[in-house]
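Chain and residue survey
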Protein chains: 4
Amino acid sequence: MSHKQHQQLIDALQDCIVACNHCYDACLKEEHVQMMTECIRLDRECAEICSYLAQALCRDTPFAAELASVCAAICEACGNECKKHEHEHCQKCADACFKCAEACKKIA
Amino acid sequence: MSHKQHQQLIDALQDCIVACNHCYDACLKEEHVQMMTECIRLDRECAEICSYLAQALCRDTPFAAELASVCAAICEACGNECKKHEHEHCQKCADACFKCAEACKKIA
Amino acid sequence: MSHKQHQQLIDALQDCIVACNHCYDACLKEEHVQMMTECIRLDRECAEICSYLAQALCRDTPFAAELASVCAAICEACGNECKKHEHEHCQKCADACFKCAEACKKIA
Amino acid sequence: MSHKQHQQLIDALQDCIVACNHCYDACLKEEHVQMMTECIRLDRECAEICSYLAQALCRDTPFAAELASVCAAICEACGNECKKHEHEHCQKCADACFKCAEACKKIA
């Protein structure tokens, strides 16, 4: 499948990368950072795998399905953690993660 | 500077990542791949530094200026190489690289 | 599991990253680069996933098993392709890939 | 310059990647994580640029000097922050960062 056919997923991945890195940054600036450590950890993990997968899809990787499957699992874990916190950056991140997980599952 | 203020650059970086990886993939499928080796090499280099910088900006890196300066140099080198080749993927990639280099220079 | 317990795998991943990037570079300099395009493509894919996994293990990712499983599959694909070519850089890369695939499977 | 000639730097970068990711993980597990936020942030930044540079050197990037210069600056910033904290993981990370910064400067 060419990178054009993956366009919807690539868009979802790029949105998720931005949301996760922004949430990571904002969590590190929160007063109660102690409560945000799992969020920080998963934000990084999620941003890194999304960044990897976005690039891999654009270069027509033969491992799209396997990588999308792992990416979906990490996006869901990050979304579930973010969902617990009321901060706007966490809620936005959760939305981006769940959308990305759905898009990943279509090719996984 | 927050990631919102960097939005234009982040958009340019994300477009450049897609264009470079697509050009890389298409170059490897060209009949005369021998003539495309420098393009392949620079496409990868450019995609990787853009991907790094996009993430770093979203997490409010304190090294935005230094990284954008290196990224601008790599984008220009890639754009100059791609510009030499008539393939549509190379011309599109050159455009994305030059736009990204300009956006990088604004914060470098 | 801590990063100390993963030390053998981290070493194998780091060796594989070096071997794959060297093979990638050497393939692009070969006279008959047309025959090396699949090798170039897989060298990059393999180096990138190994680099991702090495970092993820060092930071105690909760997704070690899933990521190691994908990494093993990519290492094997790269090793199988490299094995076909007589160049010393390809043979060395194949060895590093197969060792890394074995190490990945222990935690996958 | 070939990847063999860069071997000392590649070793220093790989050690620094491990130390930074371990310190990042350990900081997130510390009781007083509030005091470690700058360390967490710089550990990630440093690990990511070292990982990028290690790969770029192995594939004989034409941008070794520029990238090593930025990497040296980030390693020093991370080392200076880690040095302030008494945790063993911070002190070890500071050592790895300063060694890596020195090695970077030789080719910058």
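One can find the structure itself at the top, above this paragraph.
Quick look at the structure, then. Counting restarts for each chain, with residues numbered from 1 along the sequence as it is written. Chains carry letters from A onward and ligands carry numbers from 1 onward, assigned in written order. For a predicted model such as this one, the threshold for reporting local features is a pLDDT of at least 70, and the threshold for listing and counting side-chain atom pairs is 80 or more; totals across whole chains, interfaces and linings nevertheless cover every residue. Where side-chain values are given, they derive from all heavy atoms of the structure, hydrogens and water being excluded.

**So, the overall build of chain A**
When helices and strands are counted, chain A shows 4 helices and 0 strands. For the purposes of this entry, the term helix denotes a DSSP run of H or I that reaches at least four residues, the term strand denotes a run of E that reaches at least two, and both are numbered from the N terminus. The secondary structure elements of chain A, listed N-terminal to C-terminal, are α-α-α-α. Compactness check: chain A gives a C-alpha radius of gyration of 14 Å against a globular reference of 13 Å for 108 residues, within 12% of the reference. Its C-alpha atoms give chain A principal-axis dimensions of about 45 × 20 × 15 Å. Exposure is judged per residue with a 1.4 Å probe applied to protein chains only, and the accessible area is read against the type maximum: over 50% gives exposed, under 20% gives buried, and values in between give partly exposed. Considering chain A as a whole, with its 108 residues, one finds that 65% of them fall into the buried category. The quantity called the radius of gyration is restricted to C-alpha atoms. Its globule counterpart is 2.2 Å times the number of residues to the power 0.38.

**With respect to the relation of the copies chain C and chain A**
The least-squares superposition of copies is restricted to C-alpha atoms, and to residues with a pLDDT of at least 70 in both copies. Taken as rigid bodies, chain C and chain A are interconverted by a rotation of 180° and an axial shift of 0.0 Å, the fit giving an RMSD of 0.0 Å. These values place the two chain copies in the arrangement generated by a two-fold rotation axis. Both copies contact each other with a shared surface, as 100% of the interface residues of chain C are interface residues in chain A too. In this analysis, two residues are considered to be in contact whenever any of their non-hydrogen atoms come within 4.5 Å of each other.

**A look at the interface of chain B and chain D**
Chain B puts 20 residues into the contact, and the matching count from chain D is 20 residues. Summed over both partners, the accessible surface that disappears when two parts come together, traced with a 1.4 Å probe, is what is meant by buried area. Across the chain B to chain D interface the summed buried area is about 1,700 Å²; carbon plus sulfur atoms make up 62%. Each salt bridge in this description consists of a side-chain nitrogen of Lys or Arg and a carboxyl oxygen of Asp or Glu lying within 4 Å of one another. Connecting chain B to chain D are 2 salt bridges. For the salt bridge of Glu45 of chain D with Arg59 of chain B, the shortest nitrogen-to-oxygen distance reads 3.1 Å. Identification of polar contacts relies on pairs of N or O atoms within 3.5 Å, with a donor-acceptor requirement for protein atoms, meaning one able to donate a hydrogen and the other able to accept it, and with residues adjacent in sequence counted only if both atoms are side-chain atoms. Linking chain B to chain D there are 10 residue pairs in polar contact (both at pLDDT 80 or more). Looking at the side of chain B that touches chain D residue by residue, the class counts come to 11 nonpolar, 2 polar and 7 charged. Side-chain classes follow a simple rule in which Ala, Val, Leu, Ile, Met, Phe, Trp, Tyr, Cys and Pro form the nonpolar group, Asp, Glu, Lys and Arg form the charged group, and the remainder, Gly included, forms the polar group.

**Describing the packing of aromatic side chains**
Note on ring pairs: Phe, Tyr and Trp rings are taken, using the six-membered ring of Trp, and paired if centres are within 6.5 Å. Classes follow the plane angle, with under 30 degrees stacked, over 60 edge-to-face and the rest tilted. Applying the stated criterion to the full structure yields 2 aromatic pairs over all chains. Ring-over charges, as used throughout, are those where CZ of Arg or NZ of Lys falls within 6 Å of the ring centre and within 35 degrees of the ring normal. Above the plane of the ring of Tyr24 of chain D lies Arg44 of chain A, whose end atom (NZ or CZ) is 4.5 Å from the centre.

**Section: the side chain of His89 of chain B**
Within the fold, His89 of chain B resides in helix α4 (residues 88–107). If sequence neighbours within four positions are ignored, His89 of chain B has contacts with His22, Cys23, Ala26, Cys27 and Glu30 of chain B.

**Observations regarding the interface of chain C and chain A**
Listed by partner, the interface residues are 20 residues for chain C and 20 residues for chain A. Taking both partners together, chain C and chain A bury about 1,700 Å²; carbon and sulfur atoms supply 62% of that area. There are 2 salt bridges connecting chain C and chain A. Seen at the junction of chain C and chain A, the total is 10 residue pairs in polar contact (both at pLDDT 80 or more).

**Describing helix α1 (residues 7–29) of chain B**
Helical geometry note: an α-helix holds 3.6 residues per turn, so side chains three or four residues apart project in the same direction. Between its first and last C-alpha atoms α1 of chain B spans 33 Å; for 23 residues at 1.5 Å apiece the expected length is 33 Å, and the two agree. Along α1 of chain B, 17 of the 23 residues are buried, which leaves the element largely enclosed by surrounding structure. The span you would expect from a helix comes to 1.5 Å times its residue count less one.

**Section: unusual backbone geometry**
Most of the time, phi is negative for any residue but glycine, and the peptide bond is trans. All names here are of chain A. Its identity is not glycine, yet Asp60 carries a phi of approximately 60°, on the positive side. Tracing the backbone through its elements, the reader meets Asp60 in the loop between α2 (37–58) and α3 (64–83). Judged by relative accessible area, which is 23%, Asp60 ranks as partly exposed.

**So, the side chain of Gln14 of chain D**
Locating Gln14 of chain D in the fold gives a position in helix α1 (residues 7–29). For Gln14 of chain D, a relative accessible area of 10% corresponds to the buried category. Of note is the side chain of Gln14 of chain D, whose polar atom sits 3.4 Å from the backbone oxygen of Gln14 of chain C. In contact with Gln14 of chain D, not counting residues within four places along its chain, are Gln14 and Val18 of chain C.

**Observations regarding the packing of helix α2 (residues 37–58) of chain D against helix α4 (residues 88–107) of chain D**
All names here are of chain D. To define axes, lines are fitted to C-alpha atoms, for helices over the stretch in contact only, and angles between the resulting N-to-C directions are given on a 0 to 180 degree scale. Running from N to C, α2 and α4 cross one another at 40°; their axes reach a closest spacing of 12 Å. By the angle between their directions, the pair α2 and α4 is classed as oblique. In terms of crossing hand, the pair formed by α2 and α4 is left-handed. Within the contact between the two elements, α2 uses Cys39, Asp43, Cys46, Cys50, Leu53 and Leu57 and α4 uses Cys90, Cys93, Cys97, Cys100, Cys104 and Ile107. Of the residues contributing to the contact of α2 with α4, the split by class is 11 nonpolar, no polar and 1 charged. With respect to orientation, any angle under 35 degrees is reported as roughly parallel, any angle over 145 as roughly antiparallel, any angle of 65 to 115 as roughly perpendicular, and every other angle as oblique. A clockwise turn of the near helix away from the far one marks a right-handed crossing, whereas an anticlockwise turn of less than a right angle marks a left-handed crossing.

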